[in-house]
Amino acid sequence: MEHDLVSLSDRTGIVDPEKLRILLLYADLIFCEKQRFNLTGHKSLNEIIENLIIGSLEPVANLNVPRGTFFADLGSGAGIPGIPFAVKYPEISGFLFESNHKKTGFITKTAADLKILNVKAVNMRIEEAGRMSEFREKFDLVLTRAMSDLYTIVELG
């Protein structure tokens, strides 16, 4: 566990031990629930930490995200990359869009259990959300990971 904390800290730019603890608990929840909700194909906790948690945060390790930024995570699945992003930047908030009801339930329960209060799961296809005034042109930042090809993501974002 200690090695995971050092690696996680070094590669994500997170130094707060509480944030690191939450991310490791989140990875463990994904690992424990992966079969039940079809959350990921990763076989080990190490793969989940490496590919999902670090893989989501390493590209933004040095990103300065202003307080009050409002983001959307398109096709969130198990909450990737939205939950790690929300843990790293607690002064921002966002919606995690996921069309699978079971996965949305996992995100909602996980965020509540880990006291991640700056995200809300939305059980809806992003194409549908894009036609609704409450979501259209409301976000400062759009995140996604493996949802679709780049051209589709840009159009939907």
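Per chain, residues are indexed from 1 in the order of the written sequence. A pLDDT threshold of at least 70 governs which residues receive local features in this predicted model, and a stricter bar of 80 or more applies before side-chain atom pairs are shown or counted, although totals over entire chains, interfaces and linings include all residues. Excluding hydrogens and water, the side-chain values take into account all heavy atoms of the structure.

**Description of the packing of helix 2 (residues 17–37) against helix 5 (residues 101–113)**
Between N-to-C directions, angles cover 0 to 180 degrees, with each direction set by a line fitted to C-alpha atoms, over the stretch in contact for helices. For the purposes of this entry, the term helix denotes a DSSP run of H or I that reaches at least four residues, the term strand denotes a run of E that reaches at least two, and both are numbered from the N terminus. In the contact formed by helix 2 and helix 5, the axes pass within 12 Å of each other and the chain directions differ by 155 degrees. In terms of orientation, helix 2 and helix 5 fall into the roughly antiparallel class. Where helix 2 crosses over helix 5, the two elements pack in a sense that is right-handed. Mapping the contact onto sequence places Y26, L29, I30, E33 and F37 in helix 2 and K102, K103, F106 and T110 in helix 5. Any residue outside Ala, Val, Leu, Ile, Met, Phe, Trp, Tyr, Cys, Pro, Asp, Glu, Lys and Arg is labelled polar, Gly included; the first ten of those are nonpolar and the last four are charged. Taken together, the residues of the contact of helix 2 with helix 5 break down into 5 nonpolar, 1 polar and 3 charged. Roughly parallel refers to an angle under 35 degrees, roughly antiparallel to one over 145, roughly perpendicular to one between 65 and 115, and oblique to any angle outside these ranges. Two helices cross in a left-handed way if the nearer one is turned anticlockwise from the farther one by less than a right angle. They cross in a right-handed way if the turn is clockwise. When checking whether two residues touch, look at their non-hydrogen atoms; a contact exists if any pair is within 4.5 Å.

**So, the pattern of salt bridges**
One side-chain nitrogen of Lys or Arg within 4 Å of one carboxyl oxygen of Asp or Glu is enough to make a salt bridge. Taken as a whole and assessed by the stated rule, the structure comprises 5 salt bridges. Of the charged contacts, one joins E50 and R11 as a salt bridge, the two residues approaching to 2.8 Å between their closest N and O atoms. With E50 in helix 3 (residues 45–57) and R11 in helix 1 (residues 2–12), the pair connects residues that are 39 residues apart, well separated along the chain. Note that R125 and E127 form a salt bridge whose closest N and O atoms lie 3.1 Å from each other.

**Focus: the sheet that holds strand 1 (residues 70–74)**
Here, strands pair whenever DSSP counts at least two bridges between them. One open sheet accounts for 4 strands, arranged 3-2-1-4; its pairing is parallel. The outermost strands of the open sheet, each flanked by one partner alone, are strand 3 (119–123) and strand 4 (141–144). Sheet twist, expressed as the mean angle between neighbouring strand axes with direction ignored, is 20 degrees. When strand 1 meets strand 2 (residues 93–98), the two strands line up parallel, connected through 5 bridges. Bridging across to strand 2, A72 finds its partner in F95. Strands in contact with helix 5 are strand 2 and strand 3; relative to strand 3, the strand with the most contacts, it is inclined by about 165 degrees.

**What about the side chain of D73?**
One can find D73 in strand 1. A distance of 2.8 Å separates a polar atom in the side chain of D73 from the backbone nitrogen of G82. Once residues within four sequence positions are removed from consideration, D73 is found in contact with G79, I80, P81, G82, F95, L96, F97, L143 and T144. Nitrogen and oxygen atoms within 3.5 Å of one another constitute a polar contact, given that in protein one can donate a hydrogen and the other can accept it, and given that sequence-neighbouring residues count only through two side-chain atoms.

**What about helix 5?**
Taking 1.5 Å per residue, 13 residues should reach 18 Å; helix 5 reaches 18 Å between its end C-alpha atoms and fits that length. A simple rule labels every residue: compare its accessible area, found with a 1.4 Å probe on the protein chains alone, to the largest value its type can have, and call it buried under 20%, exposed over 50%, or partly exposed in between. For helix 5, the complete set of buried residues consists of K103, T104, F106, I107, T110 and A111. What you see down the axis of helix 5 is that its buried residues fit within an arc of 155 degrees, all on one side. Those residues of helix 5 that are exposed and aimed more than 90 degrees away from the buried face are H101, K102 and K109. Where helix 5 is buried, its residues meet helix 2, helix 4 (82–88), strand 2 and strand 3. In this structure N100 caps helix 5, since a side-chain oxygen of it lies 2.9 Å from the backbone nitrogen of K102. The positive-phi residue at the C-terminal boundary of helix 5 is K115, with phi of around 60 degrees. Expected span of a helix, by definition, is 1.5 Å for each gap between consecutive residues, and there is one gap fewer than residues. By construction, the arc corresponds to the directions joining the helix axis to the C-beta atoms.

**Some remarks on the environment of I54**
If you trace the backbone, I54 turns up in helix 3. Those residues in contact with I54 that sit more than four places away from it in its chain are S7, L8, R11, T12, I49 and P59.

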